[in-house]
Amino acid sequence: MEYVIEMRNIRKEFPGIVANDNVTLQVQQGEIHALLGENGAGKSTLMNVLFGLYQPEQGEIYVKGKKVNITDPNVANDLGIGMVHQHFMLVEKFTVTENIILGNEPRDKGRVNLKKAAKEVEAISKQYGLKVDPYAKIEDISVGMQQRVEILKTLYRGAEILIFDEPTAVLTPQEIHELIQIMKRLIEEGKSIILITHKLKEIMEVCDRCTVIRRGKGIGTVDISETNPDELASMMVGREVNFSVEKGPAHPKEEVLQIENLVVEDARGVPQVNDLSLSLKGGEIVGIAGVDGNGQTELIEAITGLRKAKSGMIKLSGKDITNHKPRKITESGLGHIPQDRHKHGLVLDFSVGENMVLQTYYQKPYSNKGVLKLPKIMEKAKSLIKEYDVRTPSEMTPARALSGGNQQKAIIAREVDRSPNLLIAAQPTRGLDVGAIEFIHSKLVEERDKGKAVLMISFELDEILNVSDRIAVIYEGKIVDIVKPEETNEQELGLLMAGGKREKVGDQ
Amino acid sequence: MEVLKNKFSGFMIPLVSVILGLLAGAIIMLFSGYDPILAYTALFNGIFSNTYVMGETIRQFTPLILSGLAVAFAFRTGLFNIGVEGQLLVGWLASVYVGLQFDGLTPFLHIPLAILAAAAAGALWGVVPGFLKAKYHVHEVITTIMMNYIALHVVNAIIRSYLLAPGERTETIHQSASLASAYLQSITDFSRLHYGFLVAIIGAIIMWFLLWKTTLGYELRAVGFNTNASQYAGINVSRNIVLSMVISGAFAGVAGSMEGLGTYGYMSILSAFTGIGFDGIAVSLLGANSAIGVVLAAALFGGLKIGALNMQSVAQVPTQLIEIVIALIIFFVASSYLIRWFSNRLNKRGKI
């Protein structure tokens, strides 16, 4: 059987790590083929090999049965391979058309013929049901639309095989639904699709077949009609995966965090947290459910000392920490897994080892009288890397080189290891695969069972419902209701998050 | 393995840039009707042929090391200190001022005291832009440039008003504060070589130790890479910005004392900047902001400048040509992206 794309026994090494080891991928004409694997399993490496960004050490690539040598992305383009990147590569100030023709401008006597280009773009957009306005500026259109521009870009360049790199990570549920329709339409029009993802739900919904990679090795290819999410997950992780979080009943103890009438303003002086009160006991996980932008960020920043509270009080283990310096609050027993791991969680250019002591570098045994004890730091890093299964070539590797899941594990290792009384986890599993999510959830529950208080902020209702012992719903900077996960459901939470009221008032 | 590879490529880019710079210089010579082989032979002899030129070369690059360290140190914290020139001038004056006082003090106290005064003056000149940056987010490039002009004219005014001696300069400092050494002069055929090069080497070691072995260096580097994560980790970002400029300024001030206590033993009224501070930017860039890199880059620039004198007298090539070569080297380092791209491409080809 002839495949549109066949990658045979691909091997790609990086210093200290084998990213792809004997991986085979065979894509049939007109199918949506999923490429499934954990963060850092080697999916992106394999696709970068196909796209000509990396050269494999071993293996062969065939396009429509012909052996090819893809030396750079231009060759890939000429072969009809197009990539829709996860992080869009668009010029904000340019229009849709200008972005699409960039680097491939139709010329007319030395001038760019924008009108002709716009007409072409419109025609392609219509053909595939993309509904993109060729004259709109990128900065004015939604993320979902921007992604369609990326799709248009590959189609304009004549792509027959489209690679989607985790396309749903940045989309809203509605946009995901529309994207799935677009993918189906692309297949109807004779294209083939490779979908890189770690979301099993999407694979089950749209894909025909699925190839699984685990730790760089090709595990196998299965027909979606003959499999189920459990099987896929265990293929991906290499063991059985628990989708529901395993935990016993909570045993709340004394109060750890007390927030009273807290008001926090944003940079423009608008109160984002507005007279918020909340209390948290040791031995319980409280999940904060809410639509993004209802004061969650400001609330965390105020608790952790990164933003000044206008009024109100925050007490940690009975001690007033309102508007204390971040370090003082950290030392009072706070661990913080920040929402944005690149912005706050890590110094990406520091080694993994250096990042492991970001909160403790000035303390013994990591330093003495202002002199760093590097051997002690690296020793600690090594043991944390082992304990938390952070996959990195070594503790000297820059944090930047790690996959998202492993970066997150490094942060969690650092924060949980200090055994803080209060652990704040802001979107702790954003963008991670099921294996990593399971690991992180089990760590949060473990801390709870040790008697620590865990405050979790998440936009994923699944996560909120699965992990929390109590759910506090935040709306316009206030906690509008507190519910128990076993007494509520997604619909009710969704209503509360939008400012609605519960029918019957339950007890807390 | 990865670390080794990075170190290797960190060394390759400056090396390739130097070779390309010299090649481009040769081409310019050919077009201008000079013999590049004769010129470069003369240049080489002008650095290594006898002890006198070697002594002069070391003297030349001593302050360059320190001004390079000053730029590199600030750069590690994410700051671009263009004010090294001004900090160097106030350091020079401070060292000469202390050198003129305390007659009869033992050199073991007088010299350190004069160097410390230079460091303090440079640090003071660094505090102002550091504070403005930390407190009011005023960009340090603007303020440090302005501080250069203030330094030049303030230093001149002080000399003119309080320290003037015949010849538009200060008196010569007391022997007890001088870094000049009869011994060093005698073994280098009476060059102006002085003990300052030891100070510069110590400076490089201090910078390396501060940045990589102390909690302060950890904080400075963290702030340089990511201010948000530093804040999250409880590091006082403002304090570290000011501190970085203070330490950078101190290095620059000590660079000035090399001229004040070593080469000249006095300070003249200056009609223009010395250029040592600005050359420090180039040295730091070529040295990839590392202590050892700065020492090597300063040695190269110092050597080229001294060797150029011989090149002019033997091969009649104007010394300005070496300035062009230096500029080209910097140009190639700055466009290291190109070199990296080229070598990656070669690597790829080799592997297929």
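Quantities reported herein were computed from a predicted structural model and do not represent experimental measurements. (Residues numbered from 1 in each chain as written. Chains lettered and ligands numbered in written order. Predicted model: local features only at pLDDT ≥ 70, side-chain atom pairs only at ≥ 80, totals over all residues. Heavy atoms only, no water.)

## Points about the overall build of chain A
Consideration 1: Tallying secondary structure elements over chain A gives 17 helices and 24 strands in all.
Consideration 2: A compact globule built from 508 residues should have a C-alpha radius of gyration of about 23 Å, and chain A, at 25 Å, falls within 12% of that.
Consideration 3: The burial tally for chain A puts 54% of its 508 residues in the buried class.
Consideration 4: By sequence separation, contacts in chain A at least 24 residues apart represent 67% of the contacts at least 6 residues apart.
Consideration 5: Looking at chain A as shown, the accessible area adds up to about 22,400 Å², and 47% of this sits on carbon and sulfur atoms. (Helix = DSSP H or I, 4+ residues; strand = E, 2+ residues; numbered from the N terminus. Rg over C-alpha atoms; globule rule 2.2 N^0.38 Å. Buried < 20%, exposed > 50% of the residue type's maximum accessible area, 1.4 Å probe, protein only. Contact = heavy atoms within 4.5 Å. Areas by Shrake-Rupley, 256 points an atom, 1.4 Å probe, with all protein chains shown as cover.)

## So, the overall build of chain B
Consideration 1: Tallying secondary structure elements over chain B gives 15 helices and zero strands in all.
Consideration 2: Here chain B has a C-alpha radius of gyration of 21 Å; the compact-globule value for 352 residues is 20 Å, and the two agree.
Consideration 3: Along the first, second and third principal axes, the C-alpha atoms of chain B reach 70 × 60 × 35 Å.
Consideration 4: For chain B, the proportion of its 352 residues judged to be buried stands at 52%.
Consideration 5: When contacts within chain B are restricted to residue pairs at least 6 apart in sequence, long-range pairs at least 24 apart make up 78% of them.
Consideration 6: For chain B, the accessible surface area stands at approximately 16,100 Å², while carbon and sulfur atoms represent 70% of it.
Consideration 7: Treating the 18 positive side-chain charges of chain B as one cloud and the 13 negative ones as another, the clouds have centres 18 Å apart. (Lys, Arg positive; Asp, Glu negative; His and termini not counted. Charge placed at Lys NZ, Arg CZ, Asp CG, Glu CD.)

## Notes on helix H8 (residues 229–237) of chain A
All names here are of chain A.
Consideration 1: Regarding H8, the residues found buried are Leu232, Ala233, Ser234, Met235, Met236 and Val237.
Consideration 2: Its buried side turned inward, H8 meets strand E3 (32–36), helix H7 (200–206), strand E11 (209–214), strand E12 (217–223) and helix H15 (434–449).
Consideration 3: Its side-chain oxygen placed 3.1 Å from the backbone nitrogen of Asp230, Asn228 serves as the N-cap of H8.
Consideration 4: Looking at the residues trailing H8, positive phi occurs at Gly238, about 90 degrees. (Polar contact = N/O pair within 3.5 Å; in protein donor to acceptor, adjacent residues only side chain to side chain.)

## Looking at the UniProt feature "domain: ABC transporter" (unreviewed entry) in chain A
Consideration 1: The UniProt record marks residues 5–240 and 257–501 of chain A with the feature "domain: ABC transporter" (unreviewed entry), using the residue numbering of this structure.
Consideration 2: Secondary structure across residues 257–501 of chain A divides into 34% helix and 26% strand, with the first and last C-alpha atoms of the span separated by 26 Å. (UniProt positions renumbered as here; feature names shortened; annotations may be inferred.)

## Topic: the packing of helix H2 (residues 36–48) of chain B against helix H3 (residues 51–76) of chain B
All names here are of chain B.
Consideration 1: Between H2 and H3, the shortest axis-to-axis distance is 5 Å and the interhelical angle comes to 85 degrees. Comparing their axes, H3 and H2 come out roughly perpendicular. Contact residues: H2 offers Asn45, Gly46, Ile47 and Phe48, while H3 offers Val53, Met54 and Thr57.
Consideration 2: Broken down by class, the residue content of the contact of H2 with H3 amounts to four nonpolar, three polar and no charged. (Axes fitted to C-alpha atoms, helices over the stretch in contact; angles between N-to-C directions. Parallel < 35°, antiparallel > 145°, perpendicular 65-115°, else oblique. Nonpolar A, V, L, I, M, F, W, Y, C, P; charged D, E, K, R; others polar.)

## Structural notes on a nonpolar patch on the surface
All names here are of chain B.
Consideration 1: A cluster of nonpolar side chains, namely Phe11, Met12, Leu15, Ile19, Leu20, Leu23, Ile292 and Leu296, defines an oily patch on the protein surface of about 740 Å² accessible area.
Consideration 2: For the nonpolar patch, the secondary structure elements donating two or more residues are helix H1 (2–31) and helix H13 (291–315).
Consideration 3: Top element by residues in the nonpolar patch is H1. It accounts for six residues.
Consideration 4: Note that Phe11 resides in helix H1. (Patch = residues over 30% accessible without salt bridge, like charges linked within 9 Å, V, L, I, M, F, W, Y side chains within 5 Å. Salt bridge = Lys/Arg side-chain N within 4 Å of Asp/Glu carboxyl O.)

## Here we look at helix H13 (residues 374–387) of chain A
Consideration 1: Between the first and last C-alpha of H13 of chain A there are 20 Å, a value that for 14 residues agrees with the 20 Å anticipated at 1.5 Å per step.
Consideration 2: With its phi angle positive at about 55 degrees, Asp389 of chain A sits one or two positions after the end of H13 of chain A. (Expected span 1.5 Å × (residues − 1).)

## What about the domain arrangement of chain A?
All names here are of chain A.
Consideration 1: Examined at the domain level, chain A breaks down into domain 1 (5–237), domain 2 (253–333 + 421–435 + 444–501) and domain 3 (339–419).
Consideration 2: Of the residues lining the interface, six residues belong to domain 1; the matching set on domain 2 comes to five residues.
Consideration 3: Carbon and sulfur atoms supply 55% of the area buried between domain 1 and domain 2, which totals about 480 Å² over both sides.
Consideration 4: Of all residues in domain 1, Glu38, Asn39 and His198 give up the largest surface area on contact with domain 2, accounting jointly for 62% of the area buried on that side. (Domains from an automatic or database assignment. Buried area = accessible area lost by both parts, 1.4 Å probe.)

## A closer look at the interface of chain A and chain B
Consideration 1: Between chain A and chain B, the contact holds 36 residues from the first and 24 residues from the second.
Consideration 2: Counting each side, the surface lost to burial between chain A and chain B is near 2,700 Å², with a carbon and sulfur contribution of 61%.
Consideration 3: Counting the surface chain A buries against chain B, the share from its top three residues, Phe350, Tyr361 and Leu372 of chain A, is 20%.
Consideration 4: In this structure, the connection of chain A to chain B is made through one salt bridge.
Consideration 5: Arg221 of chain B is the partner of Glu354 of chain A in a salt bridge, and the nearest nitrogen-oxygen pair spans 3.0 Å.
Consideration 6: Here chain A is connected to chain B by 14 residue pairs in polar contact (both at pLDDT 80 or more).

## Quick look at the sheet that holds strand E16 (residues 311–316) of chain A
All names here are of chain A.
Consideration 1: Across the sheet, four strands lie side by side as E14-E13-E16-E17; this open sheet has antiparallel pairing. Of all strands in the sheet, those with a lone pairing partner are strand E14 (271–281) and strand E17 (319–320), marking the two edges.
Consideration 2: Across two bridges, the pairing between E16 and E17 is antiparallel. Looking at E17, one finds that Leu316 is bridged to Lys319.
Consideration 3: Sitting on the sheet, helix H9 (residues 296–304) touches strand E13 (255–265), E14 and E16, and the angle it makes with E13 is about 120 degrees. (Pairing = 2+ DSSP bridges.)

## A few points about the state of the cysteines
Consideration 1: Overall, the coordinates contain zero disulfides over all chains when judged by the stated rule.
Consideration 2: Looking at the unpaired Cys207 of chain A, the closest cysteine sulfur is the one in Cys210 of chain A, lying at 6.8 Å. (Disulfide = S-S within 2.5 Å.)

## Some details on the side chain of Ser244 of chain B
Consideration 1: Examined against the element boundaries, Ser244 of chain B turns out to sit in helix H11 (residues 237–263).
Consideration 2: When neighbours within four sequence positions are excluded, Ser244 of chain B is seen to be in contact with Phe73, Ala74, Thr77, Leu79 and Leu220 of chain B.

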